[in-house]
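# Inside the fold
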Amino acid sequence: MSKVTAPSLKERKMRGEKLAVLTAYDYPTAKLMDECSVDAILVGDSCAMVVMGRENTLSLTVDEILHHVKMVSAAAEHAFIIADMPFLSYQISTEESVRNAGRLVAEGGAHCVKLEGPARIFGDTIRAIQNASIPVMGHLGLTPQSIHVMGGYKVQGKDQESRKLLKQDALELDELGCCAIVLECIPPDLAEEISASVSCPTIGIGAGAGCDGQVLVMHDMMGWGGTRFTKTFTDVKTSMEAAFNGYITEVKAGTFPAQEHQYS
Ligand code: KIV
């Protein structure tokens, strides 16, 4: 199995190969995904919500996500590792942005960083990070770090003006050299139109089948406490509950451990 790299993402798009991306935040999960040949693993700032139990992604720090990026990158042999840049790690100055992106790559072992927003705001930052030889993935549409400006987790690009702007933003990120662009919660026909117009792959989440790839938050697709609208591929929560309840019942009843579970 060949390693997935930033340049190979575009090659895969040209070959018409769809990209399957999942989030992971720890070593054993990332190892299993890598063994299943997932193309890329995103250490998303969704970590704050699905793993840390926080209300939104805004309080996650670089040090916190770095801890998770290290675990995930230690597991990956072929998957491309993307690290999310937390809120305020790339909004303050280009210098701080490059330093923070550099930490995620140098200390964390990520192959790429992802940041939310258009080139008309973050163009200089994206250029500076890329000039430090770090591939950048864009993220447009519903950008959860802007939740207070958007007024909640809402579908974006519903009217003509915002559709036009979203397409223009995607073209500009592509022009800047982003290795891929996440399109979150936008109408499927717009996502399809954008995907056909940019040279880099689009990775959709709640953006329909016309994207060049898909990304899902692992906990959402496993029915494990996630809240986003998606398909549940397996019901891990029920299996875990059965295991926990079985263990508790057997310990209380004194039937676990049995003879075969003890060291002689
Ligand atoms: O943080 C995350 O998991 C993400 C995905 C929703 C794309 O950015």
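Remember, it's a predicted structure, so these values are computed and weren't measured experimentally.

This part is about the site of the ligand. In the vicinity of the ligand, 13 residues are found, and the nearest of them are Gly44, Asp45, Ser46, Asp84 and Lys114. Asp45 places a polar side-chain atom, nitrogen or oxygen, 3.0 Å from an oxygen atom of the ligand. Between the ligand and Ser46, the relevant distance is 2.5 Å, taken from an oxygen atom to a side-chain nitrogen or oxygen of the residue.

What follows deals with the sheet that holds strand β4 (residues 112-114). The strand order around the closed barrel formed by eight strands is β1-β2-β3-β4-β5-β6-β7-β8, and the pairing between neighbours is parallel. The average undirected angle you get between the axes of adjacent strands in this sheet is 25°. Across five bridges, strand β5 (residues 136-141) lies against strand β6 (residues 180-184) in parallel orientation. From the neighbouring strand, Gly141 faces β6, where its bridge partner is Glu184.

For the rest of this paragraph, the subject is a nonpolar patch on the surface. A cluster of nonpolar residues, Phe244, Tyr247, Ile248, Val251 and Phe256, forms a patch on the protein surface that exposes about 480 Å² of accessible area. Residue placement: Val251 occurs in helix α11 (residues 236-253). Look at Val251 and you get partly exposed, because its relative accessible area is 40%.

Another aspect to go through is the side chain of Asp45. On the secondary structure map, Asp45 appears in the loop between β2 (40-43) and α3 (47-50). Here Asp45 is buried and forms no salt bridge, its nearest opposite-charge partner Lys114 lying at an N-O distance of 5.4 Å. Those residues within four positions of Asp45 in sequence are excluded, and the remaining contacts are Thr57, Leu60, Ile65, Asp84, Glu116 and Gln145.

Counting buried positions along strand β1 (residues 19-23) gives four out of five residues, so the element sits mostly inside the fold. Direction of pairing for β1 relative to strand β8 (residues 213-216): parallel, over a ladder of four bridges. Bridged to Leu22 within β8 is Leu216.

This paragraph deals with the domain arrangement of the protein chain. Split into domains, the protein chain comes out as domain 1 (6-233) and domain 2 (235-264). A C-alpha centroid distance of 39 Å is found between domain 1 and domain 2. Every contact between the two is made by four residues of domain 1 and, on the other side, four residues of domain 2. The contact between domain 1 and domain 2 buries some 370 Å² in all, and 71% of this surface belongs to carbon and sulfur atoms. The tally of links from domain 1 across to domain 2 stands at one residue pair in polar contact (both at pLDDT 80 or more). Here the residues of the side of domain 1 that touches domain 2 are counted per class, giving two nonpolar, two polar and no charged.

Let us now look at the packing of helix α6 (residues 119-131) against helix α8 (residues 160-176). A pair of packed helices is captured by two measures, namely the crossing angle of their axes and the spacing between those axes. At a minimum axis separation of 10 Å, α6 and α8 run at an interaxial angle of 15°. With respect to their mutual orientation, α6 and α8 come out roughly parallel. Classified by chirality, the crossing of α8 by α6 is right-handed. Residues Ala119, Arg120, Gly123, Ile126, Arg127 and Gln130 of α6 touch α8, and the partners they reach there are Leu165, Asp169, Glu172, Leu173 and Leu176. Along the lines of polarity and charge, the residues of the contact of α6 with α8 split into five nonpolar, two polar and four charged.

The subject of this paragraph is helix α9 (residues 188-197). Taken as a whole, α9 has its buried residues at Leu190, Ala191, Ile194 and Ser195. Down the axis of α9, the buried side of the element spans an arc of 135°, and every buried residue falls inside it.

Ile41 and Leu183 are the most contacted members of the largest nonpolar core, which totals 52 residues. With five residues, the top contributor of residues to this core is helix α4 (residues 62-75). Those residues within four positions of Ile41 in sequence are excluded, and the remaining contacts are Leu22, Thr23, Ala24, Ala30, Met33, Asp34, Val72, Ala79, Phe80, Ile81 and Ile82. Counting residues in each nonpolar core, the second largest holds 17 residues, with Val21, Met137, Ile205 and Val215 among its members.

Let us look at the side chain of Asp84. Within the secondary structure, Asp84 is located in strand β3 (residues 80-84). With relative accessibility at 3%, the residue Asp84 sits in the buried group. A polar contact is formed between the side chain of Asp84 and the backbone nitrogen of Asp45, at a distance of 2.8 Å. In this structure Asp84 touches Leu42, Val43, Gly44, Asp45, Ile65, Leu104 and Lys114, once residues within four positions along its chain are discounted.

Here is what the cut-offs are and how they apply
Residues numbered from 1 in each chain as written. Predicted model: local features only at pLDDT ≥ 70, side-chain atom pairs only at ≥ 80, totals over all residues. Heavy atoms only, no water. Near = heavy atom within 4 Å. Polar contact = N/O pair within 3.5 Å; in protein donor to acceptor, adjacent residues only side chain to side chain. Pairing = 2+ DSSP bridges. Helix = DSSP H or I, 4+ residues; strand = E, 2+ residues; numbered from the N terminus. Axes fitted to C-alpha atoms, helices over the stretch in contact; angles between N-to-C directions. Patch = residues over 30% accessible without salt bridge, like charges linked within 9 Å, V, L, I, M, F, W, Y side chains within 5 Å. Areas by Shrake-Rupley, 256 points an atom, 1.4 Å probe, with all protein chains shown as cover. Salt bridge = Lys/Arg side-chain N within 4 Å of Asp/Glu carboxyl O. Buried < 20%, exposed > 50% of the residue type's maximum accessible area, 1.4 Å probe, protein only. Lys, Arg positive; Asp, Glu negative; His and termini not counted. Contact = heavy atoms within 4.5 Å. Domains from an automatic or database assignment. Buried area = accessible area lost by both parts, 1.4 Å probe. Nonpolar A, V, L, I, M, F, W, Y, C, P; charged D, E, K, R; others polar. Parallel < 35°, antiparallel > 145°, perpendicular 65-115°, else oblique. Left-handed = near helix turned anticlockwise from the far one by under 90°. Arc of directions from axis to C-beta. Core = buried A, V, L, I, M, F, W, Y, C linked by side-chain atoms within 4.5 Å.

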